[in-house]
Each structure stands twice: as C-alpha cells, then as structure tokens.
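Secondary and tertiary structure notes
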Amino acid sequence: MTEDELQEQIMKPETRAVAFTKAVQMYQEKLYWLIRRIVRQHDDADDVLQETFLKAWQNLGSFRGEAKLYTWIYRIALFEAINYNKKKKRITDNEYAVSEDTSYLLESAVADPYFDGDKGELILQQALDTLPPKQRQVFEMRYFDEIPYREMAAITDTSEGALKASYHHAVKKIQQYVSEMN
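Residues numbered from 1 in each chain as written. Predicted model: local features only at pLDDT ≥ 70, side-chain atom pairs only at ≥ 80, totals over all residues. Heavy atoms only, no water.

Counting secondary structure elements, the protein chain contains 9 helices and 0 strands. From first element to last, N terminus to C terminus, the protein chain shows the α and β order α-α-α-α-α-α-α-α-α. Taking contacts inside the protein chain between residues at least 6 apart in sequence as the whole, the part at least 24 apart equals 61%. With an accessible surface of roughly 10,600 Å², the protein chain has 52% of that area assigned to carbon and sulfur atoms. (Helix = DSSP H or I, 4+ residues; strand = E, 2+ residues; numbered from the N terminus. Contact = heavy atoms within 4.5 Å. Areas by Shrake-Rupley, 256 points an atom, 1.4 Å probe, with all protein chains shown as cover.)

See below:
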C-alpha cells in the first residue's frame, strides 16, 4: 500500500481503523529509532512510541491531509520524545541535582544494555550532544531519517532555507568535534 492510498483510507471513517493499523505497521520501526535517538533508553522509547500512536489515533479526526500521514505522525513522535525528555530531566534535576547539560543522556546511552554502538557511533553521539537543540533536530531528521527539507519545513514550521543553514552549521560543528577527538 502506498502512502497516498493509506492516507485516502485514513480519511474515510469506514476504513480508518484498518488503515491506522497498517500505518502503525509501516511506521513503527522508523518512529522507534527517531524516538530512541532522543530519549536514548529502549524502554523509554517503547513507552513514547506507544504514546505517539495513542495520540495519533485520538487525534486522527483532526488530520486534514494537508501533510503526508507520516509527516503528521513524525511530528507527534518528535514532540512526544522532546516532552518526555523535558519531564524526565525535571524529575532527575529535582531528585539528583543534575547540571543543565545533556550529559545524562550520553551516560544513559553508554549504560544502556541495548546500545551496541562502536566507538565511532559514540563519538557521533557526543558530537550531537554539543549541538544546540534546533541544529541537532535538523541534523538527525536529515542525516538519520533522510527527510527532505520540504517535509522538515512542514514538521518544524521553519523555512527550507533556515533548515539548510542549520544542517550546514551542524555538519561543520560535528566535523570539528570529530577532528578534535582524533
């Protein structure tokens, strides 16, 4: 089933449930890895993914079809993951007085039993942690998810030019970080 056919079935109340089940099957792995890059822990990513699909299902009536279905659900997943991290950081800060940086995210990736990355992946993750949030988001959407700038603009409500500039700056900063690590 193509994205257009799926979207057409989502718009019809009589085929919505079956089409949504198909959408979950089609998108769950890609969305899991998006969320996992943000929240870092496997169990947390599973929870956020479930919450994403629950919110998507609950709000399916408000889906107007102006953007692609995947773009719409991706945006929900992105905001759910960001909000999850904000909530978790507030809890962590209150309980353990953690500093304002994102080192707790990197530490959780290293300590995660599901994380089997090599040294290069760890260096990339460290480099990503040095980026401002917007640059990191744009870099991950473009590099990992291969989302076209036009779709990114729809997801983030940002112009394509600004997204291209953010991506360019992120790449330069990552290259600089990696070269300093060698």
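Our next topic: the packing of aromatic side chains. Under the definition given, this model contains 11 aromatic pairs. Measuring from ring centre to ring centre gives 5.1 Å for Phe20 and Trp57, while their planes differ by 50 degrees; the resulting arrangement is tilted. A residue pair is termed long-range when its members are at least 10 positions apart, and Phe20 in helix H2 (residues 16-39) and Trp57 in helix H3 (residues 42-58) qualify at 37 residues. With a centroid separation of 6.3 Å and an interplanar angle of 90 degrees, the aromatic rings of Phe139 and Phe144 are classed as edge-to-face. Accessibility expressed as a relative area gives 5% for Phe139, which makes it buried. Here Phe144 falls in the partly exposed class, since its relative accessible area comes to 30%. Members of the aromatic cluster, connected to one another through ring pairs, are Phe139, Tyr143, Phe144, Tyr149 and Tyr167. Taking NZ or CZ as reference, Lys30 lies 4.5 Å from the ring centre of Tyr70, over its face. (Phe/Tyr/Trp six-rings, centres within 6.5 Å; stacked < 30°, edge-to-face > 60°. Buried < 20%, exposed > 50% of the residue type's maximum accessible area, 1.4 Å probe, protein only. Lys NZ or Arg CZ within 6 Å of the ring centre and 35° of its normal.)

Bringing the side chain of Asp129 into the picture now. Its location among the elements puts Asp129 in helix H6 (residues 119-130). The buried category is assigned to Asp129, whose relative accessible area is 16%.

Right, let's get into unusual backbone geometry. With phi around 75 degrees, Arg40 is a residue other than glycine that occupies positive phi space. Considering the arrangement of structural elements, one finds Arg40 in the loop between H2 and H3. We note that Glu146 has phi near 55 degrees; this positive angle belongs to a residue other than glycine. By the element assignment, Glu146 lies in the loop between helix H7 (133-143) and helix H8 (149-156).

Moving on: the nonpolar core. Core analysis: the biggest nonpolar cluster contains 46 residues, and Tyr27, Leu31, Ile35, Leu69, Trp72, Ile73 and Tyr74 have the highest contact counts within it. When residues of this core are traced back to their parent elements, those giving at least two are helix H1 (3-11), H2, H3, helix H4 (69-96), H6, H7, H8 and helix H9 (160-181). For this core, the element with the highest residue contribution is H2, accounting for 11 residues. Setting aside residues no more than four positions away along its own chain, Tyr27 makes contact with Glu3, Leu6, Phe53, Leu69, Tyr70 and Ile73. (Core = buried A, V, L, I, M, F, W, Y, C linked by side-chain atoms within 4.5 Å.)

Turning our eyes to something else, we now look at the pattern of salt bridges. Under the definition given, this model contains 9 salt bridges. Across the pair Glu8 and Lys12 runs a salt bridge, and its minimum N-O distance is 3.9 Å. In this structure Lys12 comes out as partly exposed when scored by relative accessible area, which is 36%. A salt bridge links Arg136 to Glu140; the shortest N-O distance between them is 3.1 Å. With a gap of 4 residues between them, Arg136 and Glu140 both fall in helix H7, about one helical turn apart. Among the residues examined, Arg136 registers a relative accessible area of 13% and is labelled buried. On the basis of relative accessible area, Glu140 is assigned to the buried category, the value being 4%. In this structure, a network of salt bridges that share partners links the residues Arg40, Asp129, Arg136 and Glu140. (Salt bridge = Lys/Arg side-chain N within 4 Å of Asp/Glu carboxyl O.)

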